[in-house]
Amino acid sequence: MIHLRHVSKIYGSMGRKAVDDLNWDVEDGKITGFIGPNGAGKTTTLKMITGILAPTEGEILINGKNIVSSPLEAKLQFGFVADSPDAFLRIRGIEYLNFMADIYGVGSREREEFIQKTAARFEMEDVLGSRIQSYSHGMRQKIMVMGALIHNPSVWILDEPLTGLDPRSAFELKEMMREHADAGNSVLFSTHVLEVAEKLCDQIGIINHGRQVYLGTLDALKEQYPGQTLENIFLEITSHA
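Overview of the structure.

### So, the overall build of the protein chain
Helices and strands together make up the secondary structure of the protein chain, namely nine helices and 10 strands. Relative to its length of 241 residues, the protein chain is compact, with a C-alpha radius of gyration of 18 Å against a globular reference of 18 Å. Taking the principal axes of its C-alpha atoms as reference, the protein chain extends roughly 50 × 40 × 30 Å. Evaluated residue by residue, the protein chain yields a buried proportion of 48% over its 241 residues. Counted over contacts in the protein chain with a minimum sequence separation of 6, partners at least 24 positions apart contribute 66%. Total accessible area on the protein chain is roughly 11,500 Å²; 49% of this is exposed by carbon and sulfur atoms. Considering the protein chain, the positive charge centre built from 24 side chains and the negative charge centre built from 32 side chains are found 5 Å apart.

### Here's the deal with the packing of aromatic side chains
Summed over the entire model, instances satisfying the criterion amount to three aromatic pairs. Measuring from centroid to centroid gives 4.8 Å for Trp-24 and Phe-34, while their planes differ by 50°, and the two rings are tilted. Placement of Trp-24 in strand 2 (residues 16-26) and of Phe-34 in strand 3 (residues 30-35) is noted, with a sequence separation of 10 residues between them. Both residues of the pair, Trp-24 and Phe-34, belong to the buried class. Geometrically, the ring pair formed by Phe-88 and Tyr-96 is tilted, given 5.1 Å between the ring centres and 45° between the ring planes. The structure contains a cluster of three or more aromatic residues connected by ring pairs, namely Phe-88, Tyr-96 and Phe-99.

### Focus: the sheet that holds strand 3
Taken in spatial order, the six strands make up an open sheet running 6-7-8-3-9-10, and their pairing is mixed. Two strands in the sheet have a free side with no partner beyond their single neighbour: strand 6 (78-81) and strand 10 (211-216). Neighbour-to-neighbour, the strand axes of this sheet turn through a mean angle of 15°, independent of strand direction. Judged from the four bridges that link them, strand 6 and strand 7 (residues 155-159) form a sheet pairing that is parallel. By the bridge assignment, Phe-78 is partnered in strand 7 with Val-155. Each of strand 3, strand 6, strand 7, strand 8 (186-190) and strand 9 (203-208) touches helix 1 (residues 42-49); the most contacted strand, strand 7, lies at about 145° to it. Against the sheet, helix 5 (residues 137-149) engages strand 6 and strand 7, with an angle of about 165° to strand 6.

### Some remarks on the sheet that holds strand 4 (residues 57-62)
Pairing is antiparallel across the open sheet formed by four strands, whose spatial order is 2-1-4-5. The open sheet has two edge strands, strand 2 and strand 5 (65-66), and neither has a second partner. As judged from the five bridges shared by strand 1 (residues 2-11) and strand 4, these two strands associate in the antiparallel manner. Note on strand 4: the bridge partner recorded for Ser-8 is Glu-57. This element, helix 1, spans strand 1, strand 2 and strand 4 of the sheet and lies at about 120° to strand 1.

### Notes on the nonpolar core
Membership of the largest hydrophobic core comes to 50 residues, with the highest contact counts inside it found for Ile-143, Met-177, Ile-204 and Leu-221. With six residues, helix 5 is the single largest residue contributor to this core. Contacts of Met-177, omitting those with residues within four sequence positions, involve Ile-31, Trp-156, Leu-158, Val-187, Phe-189 and Leu-200. Core analysis: the next-biggest nonpolar cluster, separate from the first, contains 21 residues, Val-19, Phe-34, Ile-60 and Leu-188 among them.

### Here's the deal with the pattern of salt bridges
Going through the model one piece at a time under the given rule, you end up with 15 salt bridges. The partner of Arg-5 in a salt bridge is Asp-25, with the nearest N and O atoms 3.0 Å apart. Pair noted here: Arg-5 is in strand 1 and Asp-25 is in strand 2, with a separation of 20 residues, a long-range link. For Arg-5, a relative accessible area of 34% corresponds to the partly exposed category. By relative accessible area, which is 25% here, Asp-25 ends up partly exposed. Shared partners join several salt bridges into a network, and the residues in it are Lys-17, Asp-20, Glu-57 and Arg-211.

Parameters at a glance
Residues numbered from 1 in each chain as written. Predicted model: local features only at pLDDT ≥ 70, side-chain atom pairs only at ≥ 80, totals over all residues. Heavy atoms only, no water. Helix = DSSP H or I, 4+ residues; strand = E, 2+ residues; numbered from the N terminus. Rg over C-alpha atoms; globule rule 2.2 N^0.38 Å. Buried < 20%, exposed > 50% of the residue type's maximum accessible area, 1.4 Å probe, protein only. Contact = heavy atoms within 4.5 Å. Areas by Shrake-Rupley, 256 points an atom, 1.4 Å probe, with all protein chains shown as cover. Lys, Arg positive; Asp, Glu negative; His and termini not counted. Charge placed at Lys NZ, Arg CZ, Asp CG, Glu CD. Phe/Tyr/Trp six-rings, centres within 6.5 Å; stacked < 30°, edge-to-face > 60°. Pairing = 2+ DSSP bridges. Axes fitted to C-alpha atoms, helices over the stretch in contact; angles between N-to-C directions. Core = buried A, V, L, I, M, F, W, Y, C linked by side-chain atoms within 4.5 Å. Salt bridge = Lys/Arg side-chain N within 4 Å of Asp/Glu carboxyl O.

Right under this line is the structure:
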């Protein structure tokens with residue numbers, strides 16, 4: 001579970017708030033979608049949750065561990081897939097996975113079982129021996145997902161994870177997200193594809209100009225806007241926020 005309490009991020013001497021007083025619980029047993037226009041503060045929020053950026057104000061707890069005061073303990077709780085997969089390009093896929101497993105102290109048997117199972121689901125068995133720089137965008141995305149999840153974290157944090165994936169791999173990742181949440185864990189992911197959020201999420205958070213404008217279930221949101229699609233609801237909420 002992720003707890004955010006009065007979290008803000010201020011940039012520059014002018015005091016511009018990229019994220020403004022965010023209060024949010026990302027609950028266990030649910031897939032939580034995070035949506036908003038470009039520049040709304042989604043990536044900044046995810047970077048604060050994962051410790052890449054420090055919040056200017058507020059507190060962030062991951063499974064009870066404070067990401068600022070106890071960063072190593074907090075970071076052991078989650079796997080994070082960033083919005084760009086263009087990293088570690090000069091090493092081979094299998095080397096990257098073993099590197100990530102070493103960082104998290106994953107045993108040889110556990111990592112081998114994970115790599116075999118996940119590579120099969122993502123159809124990556126034949127390319128693990130190749131350098132990541134030779135991968136397509138979608139293949140790079142898949143290897144980053146595998147590396148982020150190799151230590152079996154209870155919390156998944158995914159920034160636009162479906163971008164560049166072929167339909168089969170996107171289906172497999174969505175199935176994995178559903179399985180993970182159904183096992184009592186938490187999944188937080190950002191997306192611009194409202195149809196994916198509508199079909200996959202148990203709850204959604206909508207952010208605009210750094211402020212949270214909605215948090216709850218899709219059913220509750222649709223009750224407020226009867227007969228409208230999520231796309232129309234989203235446009236109306238963000239245009240008037």
